[in-house]
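Observations on the model geometry
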Amino acid sequence: MKFMKRLIFIVCAIIMSTQLISAQTKQVSGTVTSADDGMGMPGVSVVIKGTTSGTSTDIDGKYSIEVKSSDILVFSFVGMVAQEIPVGSQTVINVTLETESIGMDEVVVVGYGTVDEKRLVQNVAVIDEETLENLTATSSQELLQGRASGVQMTQSSGVLGAFSVVRVRGVGSLTAGSSPLVVVDGVPMNDGADFNYTNTQGGNTGLNTLIDINPNDIESMNVLKDASATAIYGSRGANGVIIIKTKSGSYKQDATVTADFYTQWTESTDEIDMTNADEYRQYLVDIGDASSVDELPQGSFDWPSAVTQTGFSYNADVSVRGGSERIKYYLGATYSDQEGFVVGNEMQRIGGRLNFEVKAKEYLNIGANLNVSQNKIDRVGLENSTFAPMTSAYLQYPWVEPYDENGNYINTGFIANVIAIEDLDLDDVVSKRSYGNFYAELDIIDGLKLKTDFGFDQLSVEETERSYEINSSGGYGSNRIVEDSKWLTTTTASFDKLINGMHRVTALGGISYEESTLGRTWVEGSNFPLDALRNVESAAEKTTTSHIRNQWSLFSLFSRIGYSYAGKYTFEGSLRRDGSSRFGPENKYGTFWSVAGGYAISEEEFMQDAIPGLDFLKLTASYGVSGNDKIGYYPSFFLYTAGADGNYNGNPGLVPDQAGNEGLKWEENKSLDLGLRSRWLNGRLRFDVTYYRKDISDLLINQPLTYITGYDAVAKNVGEMQNSGFEFDINATIVKTPELEWSANFNMTTVKNEITALPNTSTDVNGSNFIAGTSAQRAVVGKSANEFYLIRYSGINPQTGDAEWLTADGEKTTDPGDSDRVYVGSAQPDFFGGFSTTLKYKGFDLSGFFNYSSGNKIMVDGFRFTDRATATFNIRKKVLNYWKQPGDNAYAPSPSSSTAGIFAQRSDLFLFNASYLRMKNLTLGYTLPESTLNLMGGFIKSARFYVTMNNVFTIKSNDLEGIDPEVTDDTDPLAQGETFFTPPQSKSYILGLRVSF
Amino acid sequence: MMKKIKYILPIFFTMLLVMASCDNDLDLVPEDDVSQDVIFTTSQGAELAVMGLYSKCQDDDVLNGTPQSMGEWHADNVRFVGSFPTFLQVRDFTILANNTSIEEVWRDCFEVVMAANFVIDGVPALDEPGFEEADKNALIAEARFIRALIYFNMANWFSAPYQLSNGSNDCLPIVDFIFTGSTTEFEIPRSSLNDVHAFIAADLDFAIANLTGTDRTLATRGAAQALRARLHLYRGEWSDAATLANAVINDTNFELAEDYSFFQNEGSKEHIFTLVNTAADGQNSGEGFSGLYNPSPEGRGDAPFSDYLINAYDTDNDLRFTTLTEQGTDAQNTISFFTTKYVDGITNADNAPVIRITEMYLTRAEANFRAGTSTGEDPLDDINTLRDRAGLADLSSLS
């Protein structure tokens, strides 16, 4: 009741507020001057906060306004810092406005430290707290998509916890790891690049290995792109580095509790149009496969609809941040329960984070960043698996029903009863992860700090599968536990001093040791006596009982020196030496380095006011070398193996297994970066452009050996490729008044990936070396790493009804062969990026975010099955448009054509332009005005209601009906842009509320 | 300030020391595979590497039936009625350069050769108390026997016979050194058949001198002698062939079996060397003895008897026919005759007989007959001994 009373009071108060203002007023006047020249400023807006009433200054900067004592006056002018002044008892209020800073004094997190933006010569894409604040995401990688130039993120599918492929400035490797290093609060995270944490279930994508990072804990995400930024990460920097900083409190800050709740409805964006049972039966009669509809099975079931649903999810995040004189803290907790749009797909996350720092002594800070979380995913298969709901739903004959006449599930054979599977079978992944670090920071002398930290990342992934009698005869069970544990210690000494007001000298030196152990225990069994017996213990046959363990270690010394003169010239150099257990004995240590320079040309005398509107202009250049150490655990050894390979007649034995290469080492990336950064119109317009070139050498390639050596091949550092392109970033604040703010961001990246050397690999018809990544694509010298190599489909001959293809020479043929394959496009885009716009009016905020990709192709392998004119599986409705008589412009050939059986063979018929523009996100928010909050007693500091729609629409090729243009069924860099049937990105609607108090 | 440094510096330097000592941890070794450097540092490692040689021989492309069957197709003893295009090329004498089955035989056999070379190279330097010269030589002898066996087989498959040009024709590259990373040593031409035979002979002579075991599922002195006898016979060295064959026949470790039930009985003294396969560990591709020679549906039904072979038997009386054949469905769905030497088409657990004592009787008989000698036994008697076992009437003379 008390609450109701208060509510009524609030509502009345809002309605009456205007009258109240005019009730007890007085006159206030004054002059507004500029801090720059002390002159009166005309046209400054003077508004009573929380209202629309106000005035503006006259030609001399004078104003006069009627107010009441409790009002707050807001003085604002374009390009100046707005001021808020409570009226109180004053009758004269004079104000001096400062020029608004242009956002150049922000501190940017870089490797092992921070640097203020003005002196920044490294190329770092910053996704800051302001950008992240109003985003809802389930994974940290999602936050990267389209937000930063140079970063390409491909979500492999729309299932919960799906793997995402992240590339910084194009693909960095062909056969080794190609994902960027992710560093959270100084801890380089285990990412499963050397070993799959989860089994693949159709396709070659496991689950997201960084799902345990809660996006709500993230304060900023910085992507280190050029060598000057990544060389300090040495043998792990070549694929780029993503530095995540989690939220922290501040000293002497009252505690703020923030609670964010949202609910979400998720549905499929797109489905393939398949024939229903009647259409399919009629088709079989029409093409002469059956003499009448009656002789065919009579059932009917809509499988695609039955495997999709509207998923309902909710998410709660609560955090407290603040600090006292000597302690600052951030405490965050999250709980989320999500349901995907594919039946049987669920995810539950529970986690907590504690970041704190204590000023233990005047010269000593100690602290910790700790995260504990558990993530449980009820998986569904996808891509090329008959246990995958969205795959089998498309392939299943539409007359097959999941139940018998008594309503019991039946086994539908090879194309499995995916409804029974999702209803009955167990397919769970539970990952438990704790990671973080403890640190101590010492102020030794002015400007010199010593920091030592102990970090860890302990991950346990348990995957349990159990298929019951009806779905797998005899039953099947599997339990696979992967534990990847690492610890590291880092000690750095850093020095930062401004000498004589002109010379800024910074220096960093560090030493680090890191060690990681991965264990995998796996048991599998079949022939279970009863469905009720869940675990492999009860299986009559234990088909797998295995345990393996791998380790790696890394020892590093690193340093960085910077010098900046008068804010105009900045030089920076970094050096790192890495010793790794992965490298061969001849190359145990690698040296990585970079040099960079920046010239803030706008700071020169002659540039002052030379270009109208220009605030700041800086040219940067950097060059350096970083490496990629994801070459496996023990690739350099000559190895013998045991087990069935070595056993003979019941006796254990050992046999040679791997040809060693004592000189084996990291892959190397020499990177050039030329940048221009500018700020215009008092910081309201930012325009950056960068040219980059990465020359990647020592790529790990399996070199074929003459068989008389006893081996097939040996891994050698021999491949070479180059990535180059431009990055553009534009940020603009188009309108900025106290009431209305409209801003827009745009970024674009071009990437040209070219393989330059693949010695001793196979050669194609042009004599170019290549590696075949899949049956449809190759990495080929002179072209990209993902060139589709296919026969070209020409069309249905309207006269004959035959499907026709082109020979290599371009002649039409009805019987193409492997030798007719040609290069028909790349899976890599020419350019990609994103743009967003935000409109803020009073308490409302409206933002839209788009991402796009252009020039890439995708291969939809599943159509090879659904478009078969012979009735092996269900068919796409499109196939009903087959040739019937001369003159027909048909999609499929005549059923009697000799090409009917090969029509759906692998060809560029199923290769599609995957350029797209997607409205990724549309959000409308409303923040309650302070006056309302005040009326509620001031207990609530802020409250925001929001409605969000994700994946609002996607503009793509018409041929991609039912297919998401953003796909990959493989994490392998040599197998991108292919899909069987990928569950598309989901469309979701979110209703949320965030309150702080 | 100096006071502070007094505390801080020791911490820092301690830290540095801890770091420096971590350096050793960069030398991590795999736990589920063994580095080759480690294997030949203990006698146990060397013994396991030798056992691994037999395991390598279990590949279908080595001793378990694929290349052996190719010879049968060429000889028209059995037909190939299956669908493998590469086998059809072999059957029809139209082998192309890109025939992957041939490539795999070459590759897999040389894998065994190199595995043997690692033993031969690694064991001599092994220093372990109680592991004497004789023990080392016994292990090396096993490896050299295996290497000789593989080279002998490959010489038969990859070069023309001795009789064509008295062994001066090209045969195989002789690889008697190990691979350490560089491939330049491997840029060698094929050696002549005579050189390869000499290489095999040297291996076998060493094996004969140093082998000690009597397990017929492993290399024995008798097995080395038997293979040496075969080499002499192939080279027309009749007297040596007869002498060695006679020696093996007189070895009490071997004895002519009374009937034909010995094929899957590795305990039978009929075997001089038989390769044991089990369901868990043995033939690996379905293209070995068990897969090819069993009628479908258990096997592939790919390799039934040819009419030539059937016609060569006295099908009513010859126990080799009446007790060692069955009729079954072949790969073309017709009923054909198949051998019953390999009966397990489901788990492919049939042993692969490599050398049997019967061969020594035939070798002694042929060598004596051609040389006009009767070392150990008169050739006619040897032949009649075998005919007797087959249920066939004695011959009165040889021609």
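Along each chain, numbering runs from 1 in the same order as the chain's sequence is written. Written order determines the labels here, with chains lettered from A and ligands numbered from 1. Residue-level local features of this predicted model are given only where pLDDT is at least 70; pairs of side-chain atoms are given and counted only at 80 or more, and the full residue set underlies all totals for whole chains, interfaces and linings.

1. Digging into the overall build of chain A
Selection criterion: Secondary structure elements are taken from DSSP: a helix is a run of H or I of four residues or more, a strand is a run of E of two residues or more, and numbering for both begins at the N terminus. Here the radius of gyration uses the C-alpha set of atoms, whereas the globule reference equals 2.2 Å times the residue count to the power 0.38. We call a residue exposed when 12 or fewer other C-beta atoms sit within 10 Å of its C-beta, buried when the count reaches 20 or more, and partly exposed for counts in between; the C-beta positions come from the backbone.
For chain A, the helix and strand inventory stands at nine helices and 52 strands. Radius of gyration (C-alpha) of chain A: 32 Å, near the 30 Å computed for a compact globule of 997 residues. C-alpha atoms of chain A, sized along the principal axes, occupy 95 × 70 × 60 Å. Here chain A holds 997 residues, and the buried ones make up 48% of them.

2. Things to note about the domain arrangement of chain A
Residues and elements named next belong to chain A. Put simply, the test is: An automatic or database domain assignment supplies the residue ranges for each domain. C-beta atoms are first placed from the backbone for all residues, and any pair lying within 7 Å is then listed as a contact. Under this grouping Gly is polar, as are all residues other than the nonpolar Ala, Val, Leu, Ile, Met, Phe, Trp, Tyr, Cys and Pro and the charged Asp, Glu, Lys and Arg.
Taken domain by domain, chain A holds domain 1 (24-97), domain 2 (107-246) and domain 3 (758-827 + 857-907 + 956-976). Computed over C-alpha atoms, the centres of domain 2 and domain 3 are 34 Å apart. Taken together, the contact pairs 14 residues of domain 2 with 14 residues of domain 3. Grouping the constituent residues of the side of domain 2 that touches domain 3 by class yields four nonpolar, 10 polar and no charged.

3. Comments concerning the interface of chain B and chain A
Much of the literature gives interface size as the accessible area that the parts lose upon coming together. Definition in use: Strands are labelled as partners when DSSP assigns at least two bridges between them.
The interface of chain B with chain A comprises 48 residues on the first partner and 51 residues on the second. Every element with two or more residues in the side of chain B that touches chain A is listed here: helix 1 (2-21), strand 1 (34-35), helix 2 (36-39), helix 3 (43-57) and helix 6 (100-122) of chain B. Element by element, the count of residues in the side of chain B that touches chain A is highest for helix 6 of chain B, at eight residues. Split into classes, the residues belonging to the side of chain B that touches chain A amount to 29 nonpolar, eight polar and 11 charged. Sheet analysis places strand 30 (residues 639-641) of chain A next to strand 1 of chain B, joined by two bridges and oriented antiparallel. Note that in strand 1 of chain B the partner of A:Leu639 across the bridge is B:Ser35.

4. Here's the deal with helix 6 of chain B
The condition that has to hold: For a helix, the expected span equals 1.5 Å multiplied by the residue count minus one.
Here helix 6 of chain B is 23 residues long and its end C-alpha atoms lie 32 Å apart, about the 33 Å a rise of 1.5 Å per residue gives. Helix 6 of chain B sits mainly inside the fold: 17 of its 23 residues count as buried.

5. Concerning the sheet that holds strand 51 (residues 978-979) of chain A
Residues and elements named next belong to chain A. Ordered by their spatial adjacency, three strands build an open sheet running 48-47-51, and the pairing between neighbours is mixed. Taken across any chain shown, the strands that pair with only one partner, and hence form the sheet edges, are strand 48 (911-913) and strand 51. Bridging between strand 47 (residues 857-860) and strand 48 involves three bridges; their strand directions are antiparallel. Within strand 48, the residue paired with Met859 across the bridge is Leu911.

6. Things to note about the environment of A:Ala532
Within the secondary structure, A:Ala532 is located in the loop between strand 25 (503-526) and strand 26 (541-565). A residue is classified by how many C-beta atoms lie within 10 Å of it, and A:Ala532, with 8 of them, is exposed.

7. Regarding the pairing of strand 21 (residues 364-378) of chain A
Residue and element names in this part refer to chain A. Summarising the sheet, strand 20 (residues 346-361) and strand 21 pair through 15 bridges and their orientation is antiparallel. Across the sheet, Gln348 pairs through a bridge with Lys376, a residue of strand 21. Adjacent in sequence and paired antiparallel, strand 20 and strand 21 are bridged by two residues.

8. Quick look at the packing of helix 11 (residues 238-249) of chain B against helix 15 (residues 357-371) of chain B
Residues and elements named next belong to chain B. Applied cut-off: Every axis in this analysis is a line fitted to C-alpha atoms, fitted for helices over the stretch in contact. Angles between the N-to-C directions lie between 0 and 180 degrees. Whether a crossing is left-handed or right-handed is set by the direction in which the near helix is turned from the far one by less than a right angle, anticlockwise for left-handed and clockwise for right-handed.
In contact at an axis separation of 8 Å, helix 11 and helix 15 are set at 145° when each is read in the N-to-C sense. Note that helix 11 runs across helix 15; the crossing there is left-handed. Counting all contacts with helix 11, which are made through Trp238, Ser239, Ala241, Ala242, Ala245, Asn246, Val248 and Ile249, the residues of helix 15 involved are Ile357, Met360, Tyr361, Thr363, Arg364, Ala367, Asn368, Arg370 and Ala371. Partitioning the contact of helix 11 with helix 15 into residue classes produces 11 nonpolar, four polar and two charged.

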